[in-house]
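Coordinates in review
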Amino acid sequence: MQFNVFCPLCGGQEFSDFNGRQAARCRNCGAMERTRLLFSILNREGVLRRDISVLHLAPEPGLAKRLRDLVSRYVPADINISQYQHFLPEVQRVDLCSFDPTTLGKFDLIIHNHVIEHLPCDLDTVFKKLSSMLNANGRMYFSAPIRGSLLTAENYDPALTDQDRHRLFGQHDHVRIFGSDALALFRKWLGPNVGNIESLAMFAPTELRQMAFHPDPVPLSGHTIFRYSHGGE
Ligand SMILES: [Zn+2]
């Protein structure tokens, strides 16, 4: 069967390899695999409606543009707003390690992809604050680098050099990398109502190929999208 491969965010049909991964990044909007998958999940789960409010941390440009056009209240935020201001002038400065969760209001949807590996602080507190910002029926979707063969490792001692962090955690500005215990840790911090979304259970193989998404042969990876809600829905 013939079908077009296209980015679900922007309709782009060209993809670049990245870090040894084929067709990882949309050449038009820059969306990585996880961002394309997440947007498809939000659509499939019927989450995106005009009347919802969204907090989008470290906002990916392609996803930011779609969400801003779709929902009534869209709040992009990051600790370093200068890299976002040229396309999101409304971006809010939020330091997840020291923020007051009552200042931005409540949200129906909180999104953070590959953010928590950067945070030099206790994630238990971060997750509890973020979950307190969700409305009763709100959901949080997130992802993080995971290597399934080892346990989670972290070290946010400021004495570590960029080279140390690259060697230990895979990137110069990462202070942790998750392991096979990732879901257990998320459940320790967020309770039982957090789980990983099985892409192959939600989408047919053809649908995944169409969005240039290649499921990993391992249960958890950096492409895995986790979903939390107060009621476990
Ligand atoms: Zn795109």
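Let me begin by describing the structure that accompanies this report.

Looking now at the coordination of the zinc ion. The zinc ion binds to the protein through Cys-7 (SG), Cys-10 (SG), Cys-26 (SG) and Cys-29 (SG), with metal-donor distances spanning 2.3 to 2.4 Å. Relative to the metal, the four donor atoms surrounding the zinc ion lie at angles of 97 to 113°, and the coordination shape comes out tetrahedral. For the zinc ion, the donor residues sit on a single chain with the sequence spacing C-x2-C-x15-C-x2-C. Note that Cys-7 is positioned in the segment before β1 (15–18) and Cys-26 in strand β2 (residues 21–26), a separation of 19 residues in sequence. Classification of Cys-7 by relative accessible area gives buried; the value is 1%.

Note on placement: Ile-177 falls in strand β9 (residues 176–177). For Ile-177, a relative accessible area of 11% corresponds to the buried category. Spatially, the C-alpha atom of Ile-177 lies 26 Å from that of Ser-82, the residues being 95 residues apart in sequence. Ignoring any residue separated from it by four or fewer positions in sequence, one finds Ile-177 in contact with Pro-145, Arg-147, Leu-151, Thr-152, Ala-153, Leu-168 and Phe-169.

Below, the discussion takes up the packing of helix α3 (residues 123–132) against helix α5 (residues 182–190). Relative orientation of the contacting elements α3 and α5 amounts to 60°, with a least axis distance of 8 Å. By the angle between their directions, the pair α3 and α5 is classed as oblique. For the element pair α3 and α5, the recorded crossing hand is right-handed. Between α3 and α5, the contacting residues are Leu-123, Asp-124, Phe-127, Lys-128 and Ser-131 on the first element and Phe-186, Lys-188, Trp-189 and Leu-190 on the second. In terms of residue class, the contact of α3 with α5 is built from five nonpolar, one polar and three charged.

Parameters and conventions
- Residues numbered from 1 in each chain as written.
- Predicted model: local features only at pLDDT ≥ 70, side-chain atom pairs only at ≥ 80, totals over all residues.
- Heavy atoms only, no water.
- Donors = N, O, S within 2.8 Å, 3.2 Å for Na, K, Ca; no water.
- Tetrahedral: all angles 85-135°; square planar, octahedral: opposite > 155°, others 65-115°.
- Helix = DSSP H or I, 4+ residues; strand = E, 2+ residues; numbered from the N terminus.
- Buried < 20%, exposed > 50% of the residue type's maximum accessible area, 1.4 Å probe, protein only.
- Contact = heavy atoms within 4.5 Å.
- Axes fitted to C-alpha atoms, helices over the stretch in contact; angles between N-to-C directions.
- Parallel < 35°, antiparallel > 145°, perpendicular 65-115°, else oblique.
- Left-handed = near helix turned anticlockwise from the far one by under 90°.
- Nonpolar A, V, L, I, M, F, W, Y, C, P; charged D, E, K, R; others polar.

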